[in-house]
Amino acid sequence: MTSPSPYASTLDVLAGLLPPHLLQPRVGIVCGSGLSTLASSLRDVHEVPYSALDGFGKSTVEGHKSALAFGLIGPGEGIPVVAMLGRFHPYEGHKLSTVVYPIRILAKLGVRDLIITNASGGLNPNLAVGTIVVIQDHLALPNLTGPLNPLLGPQTSPDHPRFVPLSDAYSTKLRRLAFLAAHDLSFDDDALAEGVYAWVSGPTYETPAEGRFLRAAGADVVGMSTVPEVVVAKEEGMEVMVLSLVTNPVVIPDTYRSIKEEVKAELAGKPVELPVMPVVSHDDVLAVGRQKAEAMKQLVARIIEMIPHV
Ligand SMILES: O=P(O)(O)O[C@@H]1C[C@H](O)[C@@H](CO)O1
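In this numbering scheme, every chain counts its residues from 1 along its sequence in written order. Local features in a predicted model are, by the rule used here, given only for residues with pLDDT of at least 70; side-chain atom pairs are given and counted only at 80 or more, and totals for whole chains, interfaces and linings are based on all residues. The basis for every side-chain value is the complete set of non-hydrogen atoms in the structure, without hydrogens or water.

Chemist: Can you help me understand the environment of I105 in this one?
Modeler: Only DSSP runs of H or I reaching four residues or more are called helices, and only runs of E reaching two or more are called strands; each is numbered from the N terminus. For I105, the position within the fold is in helix α2 (residues 96-109). Buried residues are those whose accessible area, probed at 1.4 Å on protein chains only, stays under 20% of the maximum for their type, while exposed residues exceed 50% and partly exposed ones sit between those limits. I105 sits in the buried class, given a relative accessible area of 0%. Distance in space between the C-alpha atoms of I105 and L11 is 7.5 Å, their sequence separation being 94 residues. Any two residues whose heavy atoms approach within 4.5 Å at even a single point are treated as in contact. Leave out the neighbours within four places in its chain, and I105 touches Y7, T10, L11, L14 and F56.

The following block contains the structure:
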């Protein structure tokens with residue numbers, strides 16, 4: 001006798017709660033910090049709290065709800081979609097298997113195209129706060145050497161690849177649609193950019209030296225999520241796109257304030273200017289999320305409408 005799949009009870013609960021036309025979503029959306037309102041473009045919405053679903057954790061970060069929203073997007077019958085209102089981050093204490101569990105459930109429900117959103121710090125000085133960056137590649141220090149690759153361990157199943165290539169992790173099809181959708185919506189040219197996402201574990205924001213290091217390594221933005229979801233979505237065979245909202249610049253001053261020089265000047269009786277190092281806060285991150293929520297929502301909805309659904 002084969003043992004029941006660990007996903008079976010989650011899928012059974014969903015089957016018991018959802019009408020049949022919503023039970024096989026084609027597209028998945030992951031809502032990043034402050035971006036849960038992305039799901040407000042869905043109609044015929046059925047929300048299922050994570051607390052009702054075995055295997056799901058509880059999102060403890062402000063700006064993340066803890067529910068799956070099922071609904072329809074687009075004209076006519078509409079395209080069935082599921083949105084994760086809130087994700088799990090390893091820094092919250094969630095195991096990596098919990099972080100990626102919802103992605104596996106989305107795959108089992110039939111999601112083929114996954115649109116992941118997040119909030120990030122800008123490393124590239126050309127990216128203004130409020131820019132939406134279509135991610136073209138990632139740099140995942142915790143994945144490369146350490147214990148945070150979600151595929152470490154036994155092969156997921158004989159049907160999943162043992163070695164997952166990531167050279168084409170970010171779907172060309174979906175990235176093209178993002179720029180076509182922005183054109184359709186008459187977005188300014190600099191509203192949407194392209195770049196590389198650096199994943200760090202957080203929850204500390206970067207020191208100036210770390211920011212300089214990540215920029216020198218080729219990253220344009222930095223954040224504390226997304227990469228485990230991308231890796232597992234690729235293992236599950238999905239097309240993946242990431243839209244990263246720049247919510248703050250990462251502080252990378254050209255020079256450091258020299259306390260040594262300041263003390264010497266003070267001892268010599270010279271006036272000392274005291275520059276203040278700016279700091280980032282999660283409240284700032286959420287505020288930019290709120291400001292850009294409408295644009296993100298329109299963009300995501302338009303992309304979904306443009307995906308060829310056969
Ligand atoms: O879930 P995301 O990646 O959108 O959230 C970002 C990263 C941290 O969780 C938080 C820091 O402000 O926002």
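Chemist: What exactly am I supposed to notice about the layout of surface pockets here?
Modeler: In this approach a probe as big as a water molecule rolls over the atoms, and the regions it shows empty are the leftover space. Roughly 450 Å³ of internal volume is contained in the largest pocket. Cavities and pockets were defined on a 1 Å grid built from protein atoms only: a cavity is a group of points that admits a 1.4 Å probe but offers it no way out, a pocket is an open group of points flanked by protein on both sides within 12 Å along at least five of seven lines, and a lining residue is one with an atom within 4 Å of any such point. In terms of lining residues, the largest pocket is bounded by 29 residues, among which G121, Y205, M224, N248 and V285 are the most central. Of all elements in the fold, only β5 (113-122), β8 (221-223), β9 (239-249) and α8 (282-306) reach the threshold of two or more residues within the lining of the largest pocket. Sorting elements by how many residues they give to the lining of the largest pocket places β5 first, with 4 residues. Split into classes, the residues belonging to the lining of the largest pocket amount to 16 nonpolar, 11 polar and 2 charged. Grid points are joined across faces, edges and corners, and a volume is the space filled by probe spheres set on the points. Taken as a whole, the second largest pocket encloses approximately 260 Å³ of empty space. For the second largest pocket, the lining is made up of 14 residues, of which Y7, S97, V100, R104 and P150 are closest to its centre. Residues are sorted three ways: Asp, Glu, Lys and Arg are charged, Ala, Val, Leu, Ile, Met, Phe, Trp, Tyr, Cys and Pro are nonpolar, and all the rest, Gly among them, are polar. Tallied by class, residues from the lining of the second largest pocket come to 9 nonpolar, 4 polar and 1 charged.

Chemist: Hey, could you run me through the packing of aromatic side chains in this one?
Modeler: When we look at a pair of aromatic rings, we describe it by the centre distance and by the angle of the planes. Only rings of Phe, Tyr and Trp enter the pairing, Trp through its six-membered ring, and a pair is recorded when the two centres are within 6.5 Å. The plane angle decides the type: under 30 degrees is stacked, over 60 is edge-to-face, the rest tilted. Evaluated as defined, the whole model comprises 5 aromatic pairs. Measuring from ring centre to ring centre gives 5.8 Å for F56 and Y101, while their planes differ by 85 degrees; the resulting arrangement is edge-to-face. Here F56 is found in the loop between β2 (43-49) and β3 (67-73), whereas its partner Y101 is found in helix α2, with 45 residues between them in sequence. Taking the relative accessible area as the measure of exposure, F56 reaches 11% and is therefore buried. Of the aromatic side chains, those joined through ring pairs into one cluster are Y7, Y50, F56, F88 and Y101. Here, a charge over a ring means that NZ of Lys or CZ of Arg falls within 6 Å of the ring centre while also lying within 35 degrees of the ring normal. Between K108 and the ring centre of Y7, over which it is positioned, the NZ or CZ distance is 4.6 Å.

Chemist: Any chance you could explain the site of the ligand here in plain terms?
Modeler: Proximity is defined per residue: any heavy atom of the residue falling within 4 Å of a molecule or strand makes that residue near it. Around the ligand lies a shell of 13 residues, among which H89, Y91, Y205, S225 and H282 are the nearest. We define a polar contact as two N or O atoms separated by no more than 3.5 Å, with the added condition that, inside protein, one atom must be a possible hydrogen donor and the other a possible acceptor, whereas residues neighbouring each other in sequence contribute only through side-chain atom pairs. H89 places a side-chain nitrogen or oxygen 2.7 Å from an oxygen atom of the ligand. Between S225 and the ligand, the recorded distance is 2.6 Å, taken from a side-chain N or O atom to an oxygen atom. Relative to its unbound accessible surface of 340 Å², the ligand loses 96% to contact with the protein. Taking a 2 Å distance to the grid points as the criterion, the majority of the atoms of the ligand fall inside the largest pocket. Elements represented by at least two residues in the shell around the ligand include exactly β5 and α8. Class assignment of the residues belonging to the shell around the ligand gives a composition of 5 nonpolar, 7 polar and 1 charged. The Shrake-Rupley method, run with a 1.4 Å probe sphere, supplies the accessible areas, and residue values consider only the shown protein chains as cover. Assignment of a molecule to a cavity or pocket requires that more than half of its atoms lie within 2 Å of the corresponding grid points.

Chemist: Where do I start with the packing of α2 against helix α6 (residues 227-235) in this structure?
Modeler: Axes, fitted as lines to C-alpha atoms, cover a helix only where it is in contact. Angles between the N-to-C directions of the axes lie from 0 to 180 degrees. The interhelical angle for the contact between α2 and α6, taken along N-to-C directions, is 50 degrees, at an axis separation of 9 Å. Here α6 runs oblique to α2, going by the angle between their axes. Here the hand of the crossing between α2 and α6 comes out right-handed. In this structure, α2 contributes L96, V99, V100, I103 and R104 to the contact, and α6 contributes P228, E229, V232, A233 and E235. Partitioning the contact of α2 with α6 into residue classes produces 7 nonpolar, no polar and 3 charged. Throughout this description, any angle smaller than 35 degrees is read as roughly parallel, any larger than 145 degrees as roughly antiparallel, any in the 65 to 115 degree range as roughly perpendicular, and the remainder as oblique. By definition, turning the near helix anticlockwise from the far helix through less than a right angle yields a left-handed crossing, and turning it clockwise yields a right-handed one.

Chemist: What am I meant to see in the pairing of β5 here?
Modeler: Two faces belong to every sheet, and in a regular strand the side chains alternate between them. Extensive coverage of β5 is indicated by the burial of 10 of its 10 residues. For two strands to count as paired, DSSP must find a minimum of two bridges between them. Summarising the sheet, strand β1 (residues 27-31) and β5 pair through 4 bridges and their orientation is parallel. Counted as the bridge partner of V27 is D113 from β5. For β5 and β9, the ladder comprises 10 bridges, and the chain directions are parallel. What sits directly across from N118, in β9, is S244.

Chemist: What should I look at first to understand the packing of helix α1 (residues 8-17) against α2 in this one?
Modeler: The angle between the axes and the distance between the axes are what describe a pair of packed helices. At their nearest, the axes of α1 and α2 sit 11 Å apart, and the two run at 60 degrees to each other. The orientation of α1 with respect to α2, classified from their angle, is oblique. In the packing of α1 onto α2, the handedness of the crossing is right-handed. Together, T10, L11 and L14 of α1 and Y101, I105, K108 and L109 of α2 make up the contact between the two elements. Counted by class, the contact of α1 with α2 contains 5 nonpolar, 1 polar and 1 charged residues.

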